[in-house]
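Here is what each chain is made of, one letter per residue.
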Amino acid sequence: MNIGAHLSVAKGFTAMGETALSIGANTFQFFSRNPRGAKSAAIEEKDVDGLIKIMNKNNFAPILAHASYTVNVCSDKKHIRDFAKMIFKEDLEKLEKLPCKLYVFHPGNHMGQGEKIGINYIINALNDVLKPEHSIMFLLETMAGKGTEIGKTFEELKTIIEGVKLKEKVGVCLDTCHVYSAGYDIVNNLDKVLDEFNNIIGLNKLKAIHLNDSLTEFASHKDRHACIGKGNIGLEAIKKIVTHPKLKELPFFLETPADLKGYAEEIKLLTGL
Ligand code: FE
Ligand code: FE
Ligand code: ZN
């Protein structure tokens, strides 16, 4: 099983590799920059080499960079959209220097402009930022649909991907808490949800899973992560997800409200299923 957790980037890249190993993981997710949007630290070559060695020696699955939550590429304000595009470009440059080819971002909040306008902004931003020479794939995260969030339906994500010229550089990261909160019943009808995903987007576009339980009930359109087995999704359903033939080769990333010890326990629980 390819499993990791969201780790702090504070001590550098080698340290994240070591931390991943210490909790029984073979991958990890990290913020491409400080989540509060502060300037990202310069990358040290030695630090990156240390991570590459750890990844090669321990057969790591792909690692995943997460864009800052503060970026909103479909805002109703031009300076916020421009800022988001600038962050995307900076993050791309940075990721090209790392052993990381996957970059997940929240499609954004349309702020009352409506889905159609919001989706067009996202498409325009991706067409502006993505270049044929880049090796990074942008992953749209499935969202719970709180407020004016875009990405709450597979149809919205499909419309975004269809509008992008370099489609091969766009994929999807499915967040189990978010899709459940958005109204996709992965507890009682996992196969039906996966069929729907396949028919609308194509399972070949699914590159990563955020593995979280949900504090809130089905179709609540809220975004409250719970620890594995401690929420409304529950351990039985999570077991079916991580062992599903169509999903089990993917990298799974915990974003549960746990500390490192908690992550280690969750990983032990999951790899034992
Ligand atoms: Fe996310
Ligand atoms: Fe997530
Ligand atoms: Zn969430």
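Higher on the page you've got the structure.
Below or above, wherever it landed, is the structure these notes cover. Within every chain, residues take consecutive numbers counted from 1 along the sequence as written. Chain letters start at A and ligand numbers start at 1, both assigned in the order the entries are written. Residue-level local features of this predicted model are given only where pLDDT is at least 70; pairs of side-chain atoms are given and counted only at 80 or more, and the full residue set underlies all totals for whole chains, interfaces and linings. Water and hydrogen atoms play no part in the side-chain values, which are based on all heavy atoms of the structure.

1. Examining the coordination of the zinc ion (ligand 3)
Logical step 1: Counted as donors are N, O and S atoms no farther than 2.8 Å from the metal, or 3.2 Å for Na, K and Ca; water is not among the atoms, and sites may therefore look incomplete. Listed as protein donors to the zinc ion (ligand 3) are His-178 (NE2), Asp-223 (OD), Asp-223 (OD) and His-225 (NE2); their distances from the metal cover 1.9 to 2.7 Å.
Logical step 2: Each of the four donor atoms bound to the zinc ion (ligand 3) contributes to angles spanning 52 to 143°, and the resulting shape is irregular.
Logical step 3: Each donor residue of the zinc ion (ligand 3) lies on the same chain, and together they follow the pattern H-x44-D-x1-H.
Logical step 4: The distance between the zinc ion (ligand 3) and the iron ion (ligand 1) is 5.6 Å. Linking His-178 in helix H6 (residues 176-182) with Asp-223 in the loop between strand E8 (213-214) and strand E9 (225-226), this pair joins segments that are 45 residues apart in sequence.
Logical step 5: Each residue's exposure class comes from its accessible area (1.4 Å probe, protein chains only) as a fraction of the maximum for that residue type: buried when under 20%, exposed when over 50%, partly exposed otherwise. Looking at His-178, the relative accessible area reads 1%, which means it is buried. Square planar and octahedral assignments, for four and six donors respectively, both demand that opposite donors be over 155 degrees apart and that all other angles lie between 65 and 115; tetrahedral needs four donors with all angles between 85 and 135 degrees, and anything else is irregular. A run of H or I in DSSP becomes a helix once it reaches four residues, and a run of E becomes a strand once it reaches two; helices and strands are each numbered from the N terminus.

2. Side note on empty space enclosed by the protein
Logical step 1: Definitions used for this entry: grid spacing 1 Å over protein atoms alone; cavity, a set of points where a 1.4 Å probe fits but cannot get out; pocket, an open set with protein on both sides within 12 Å along at least 5 of 7 lines; lining residue, one with an atom within 4 Å of a point. Grid points are joined across faces, edges and corners, and a volume is the space filled by probe spheres set on the points. As enumerated under the stated definition, the model contains one cavity of 30 Å³ or more in all.
Logical step 2: Each pocket or cavity is described by its volume, and for the largest cavity that value is around 50 Å³.
Logical step 3: Leu-174, Thr-176, Ile-186, Leu-190, Val-193, Leu-194, Ile-209, Ile-241 and Leu-247 are the residues that line the largest cavity.
Logical step 4: If you tally residues by element for the lining of the largest cavity, the top one is helix H7 (residues 190-200), at three residues.

3. What to know about helix H5 (residues 154-163)
Since the α-helix advances by 3.6 residues per turn, residues separated by three or four positions end up pointing in the same direction.
Logical step 1: For H5, every residue scored as buried is listed here: Phe-154, Glu-156, Leu-157, Ile-160 and Ile-161. Buried residues of H5, viewed axially, fall in a sector of 160°; they line one side.
Logical step 2: The criterion used for residue contact is that any of the two residues' heavy atoms lie within 4.5 Å. On its buried face, H5 sits against helix H4 (115-129), strand E5 (137-141), strand E6 (170-175), H6 and H7. The arc in question is traced by the directions running from the helix axis to the C-beta atoms.

4. A word on the coordination of the iron ion (ligand 1)
Ideal geometry at a metal gives 109.5 degrees between four tetrahedral donors and either 90 or 180 degrees between six octahedral ones.
Logical step 1: Around the iron ion (ligand 1), the protein supplies His-66 (NE2), His-106 (NE2) and Glu-141 (OE) as donor atoms, at distances of 2.1 to 2.2 Å.
Logical step 2: Read N to C, the donor residues that coordinate the iron ion (ligand 1) are spaced as H-x39-H-x34-E.
Logical step 3: A gap of 3.2 Å separates the iron ion (ligand 1) and the iron ion (ligand 2), which Glu-141 links by coordinating each metal. On the criterion of sequence distance, the pair formed by His-66 in strand E3 (residues 64-66) and Glu-141 in strand E5 is long-range, its members being 75 residues apart.
Logical step 4: A relative accessible area of 1% places His-66 in the buried class.

5. Considerations on the pattern of salt bridges
Logical step 1: The rule for a salt bridge is simple: a side-chain nitrogen of Lys or Arg has to be within 4 Å of a carboxyl oxygen of Asp or Glu. For the coordinates displayed, the defined rule picks out 12 salt bridges.
Logical step 2: Asp-91 is the salt-bridge partner of Arg-33, the closest N and O atoms lying 3.3 Å from each other. Taken as a pair, Arg-33 in the loop between strand E2 (27-31) and helix H2 (45-57) and Asp-91 in helix H3 (residues 78-95) lie far apart in primary sequence, 58 residues in all. We note that Arg-33, like Asp-91, is buried.
Logical step 3: The salt bridge partner of Glu-156 is Lys-152, with a shortest N-O separation of 2.6 Å.

Everything listed here is a matter of geometry and, on its own, says nothing about what the molecule does.
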